[in-house]
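One-letter residues, chain by chain:
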Amino acid sequence: MPIGRFSVTSFLRYISTIMSKPIVEVSHLYKSFGTFRAVEDVSFAVRPSTCAAFLGPNGAGKTTTMKTLYGRAVPDVHDETRMRVFDFDPRSDELSVKAKSGVVPQEDNLDVELNVEQNLRNYATFYGLPHEFIERQIDYLLDFMELGAKRRARTRELSGGMQRRLIIARALLNDPELLILDEPTTGLDPQVRQVIWEKLRNLKHRGVTILLTTHYMDEAFQLADNVVIMDRAKTVLEGPPRQLLAENIEQHVLELMNARAAPAAERGAGDHAYWRKDQLGERIIYYANDPQVLRNMTSGIHAHDYLLRPVNLEDLFIKATGRSLNELQ
Amino acid sequence: MSSSSISAEQVHPATRSINHNPPNFIHRIYSVWLRHVRVYTRNLFSNALPPFLEPLIFLVGIGFGLGAYVTEMNGLPFIQYLASGLLVTAAMFTAAFECSFGTFIRLEFDKVYQGMLGSPLSANDLIIGEMLWAATKGFTFTLSVSIIIAIFGVLPFERLVLVPFVGFATGLMFACLSLLITSFVKTINHFNFYFSGFISPMFFFSGVFFPIENLPAAARPITEIIPLTHAVRLARALTFAQWETVHLWDIVYVVLFTAIFGTVALFRLRTRLID
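Parameters and conventions
- Residues numbered from 1 in each chain as written.
- Chains lettered and ligands numbered in written order.
- Predicted model: local features only at pLDDT ≥ 70, side-chain atom pairs only at ≥ 80, totals over all residues.
- Heavy atoms only, no water.
- Domains from an automatic or database assignment.
- Contact = heavy atoms within 4.5 Å.
- Buried area = accessible area lost by both parts, 1.4 Å probe.
- Salt bridge = Lys/Arg side-chain N within 4 Å of Asp/Glu carboxyl O.
- Polar contact = N/O pair within 3.5 Å; in protein donor to acceptor, adjacent residues only side chain to side chain.
- Helix = DSSP H or I, 4+ residues; strand = E, 2+ residues; numbered from the N terminus.
- Nonpolar A, V, L, I, M, F, W, Y, C, P; charged D, E, K, R; others polar.
- Buried < 20%, exposed > 50% of the residue type's maximum accessible area, 1.4 Å probe, protein only.
- pLDDT = per-residue confidence, 0-100.
- Pairing = 2+ DSSP bridges.
- Axes fitted to C-alpha atoms, helices over the stretch in contact; angles between N-to-C directions.

Next up on the list: the domain arrangement of chain A. For chain A, the assigned domains are domain 1 (2-243) and domain 2 (250-310). Measuring from the centre of the C-alpha atoms in domain 1 of chain A to the corresponding centre in domain 2 of chain A gives 39 Å.

Written out as structure tokens, the structure reads:
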């Protein structure tokens, strides 16, 4: 009875998630590089077996925040700062954190001189795990990440998607309880991204806690139980994706491809209807909570020139972080 | 997709019982060292042939060529004098290359260290492992030169048995120095200054080819400052079992040089690995 078992497990997981204390807890984190403030007073907590996604434009401080969790970046000394990952403070005991975690950094940094299998075996040595466990784990992970056929392939010959999967496999060698991924699918094609999302969802269902950064809204929406939107070193919004959408932005969107249609649309809405307008070049976007208002707006517009859709994280993201590019983008 | 993920769940080796503590310091250094050994031995032929060839070229070209005219140097047959010096220059070159170009490529191009820092290793572990690896290469390169020298009958092998340990110390010294240089380097071409301006001149003015006593008096203090002089003197003392008080100074020099340059290099490179 696999179905019955699954619902029981998921129920138990739900209960334990609510009851248990967070695996990662950070409050009042600060980090600067010279005079540049990379992270300013960021706080968050991640509960076991959940996925938290950090969203933000380049330079928002997402990667730096991740790096402080495993000792790749040293936070500024600040009286208020509290950091805990498992039962360790990464500022003083990064090795204990890393022994129980898996890290997928932003850059592809496989050992290009070694083949797929050797990359895993070599990396496993760093954990000091028993030989039989390592061999079993390598077989399992190559299968899990669908890299079995590439076992003896040179790392250089792998496609971008395969390299990324191998790096994720490498981060899973120690069967971690926490997986930290920095932009895991940036630059990959849609199929590969789907496969990676599926694997990450699978890991989450097995109880792995996942922390990831991304600038793909769909990635955050697909995977995350909790989203932290960062901009200019600060947390702008935080919460479950659906709740964020419900509480912070109008629920429906009308996109006009051509700005010339705008006057007709606004006349169509009538005098007392509420809507909000945003413009990006030729593209005009109307937001409203009442879909009927937006439908009325389309009455005088050709069907090719508009798109009616529910609001998504990208709209919220743009509303929260502002449209203009920052100096690091 | 979902059926494959369920089957994956079933074959997953039931764990969570495994030890999740970080390995101890010795294991961590060993695992970094082992990474270098594994990568190096992947291309053993192309990596390990040059250390045999280079001293061979010098022995034949200079030893036998020039040796026909210069028969004696400081009371030793010239070919033996030269051979005992060449024992440690190979260690110098290999460690200097490994910890300059090699380290820089791992750091800036392949990002190997950044990958390793995702595992329970600290930046210090990486750098110390790197130093010991370069020292190990110094040991094996000196060993291969002694084998060549013994095969050519220049010196009996039993006299050379302990010299690879001087090769180890030489490798360590030049690893520390080169890592310090690397910590300042922004583009890989800057190493050309280090090799043309420092390593190559040192090769000729450290008593490998002729006694430093023959240099002008003004140049003598410089030869005492540069590290290779001390390595060459120690290798020669060990080979011919002729120890003098000056060798005590050489040992002190090697220890101090390694400690000081090693510590500064460690401190500076760490800031390049950790934000």
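Moving on: the interface of chain B and chain A. Residue-level contacts link 42 residues of chain B with 51 residues of chain A. Buried surface at the junction of chain B and chain A, summed over both partners, amounts to about 4,100 Å²; 57% is from carbon and sulfur atoms. Put simply, chain B and chain A have two salt bridges between them. Note that Asp275(B) is salt-bridged to Lys67(A), the shortest N-O span being 3.1 Å. Inspection of the chain B/chain A interface yields 18 residue pairs in polar contact (both at pLDDT 80 or more). In terms of residue count, the dominant contributor to the side of chain B that touches chain A is helix α2 (residues 25-42) of chain B (nine residues). Residue classes in the side of chain B that touches chain A are distributed as 18 nonpolar, 15 polar and nine charged.

All names here are of chain B. Throughout the structure, instances matching the rule amount to 31 salt bridges over all chains. Taking the shortest distance from any N to any O, the salt bridge between Glu224 and Arg220 comes out at 3.9 Å. Of the two residues, Glu224 and Arg220 both sit in helix α11 (residues 220-225), four residues apart, roughly one turn of that helix. Classification of Arg220 by relative accessible area gives partly exposed; the value is 27%.

Do not read the predicted coordinates in detail wherever pLDDT is low. All names here are of chain B. On average, chain B scores 88 in pLDDT, and the residues at 70 or more come to 93%. Ranking the elements of chain B by mean pLDDT puts helix α1 (residues 2-11) last, at 41, and helix α9 (residues 163-184) first, at 96. Across residues 1-15 the pLDDT falls below 50, and counting only partners more than four positions away or on other chains, this stretch makes 21 contacts in the model.

Moving on to the sheet that holds strand β3 (residues 51-55) of chain A. Residues and elements named next belong to chain A. Ordered in space as β5-β6-β7-β3-β8-β9, the six strands form an open sheet in which the pairing is mixed. In this open sheet, the two strands that pair with only one neighbour each are β5 (101-104) and β9 (234-239). Averaged over all adjacent pairs, the angle separating strand axes in this sheet is 15°, with direction ignored. Note that β3 and strand β7 (residues 209-214) share five bridges and pair parallel. Each bridged residue has a counterpart across the sheet, and for Phe54 the counterpart in β7 is Thr213. Across the sheet, helix α7 (residues 190-205) touches β3, β6 (178-182) and β7, and the angle it forms with β7 is around 150°. Taken strand by strand, helix α9 (residues 241-248) contacts β8 (226-231) and β9, and its axis lies near 105° from that of β9.

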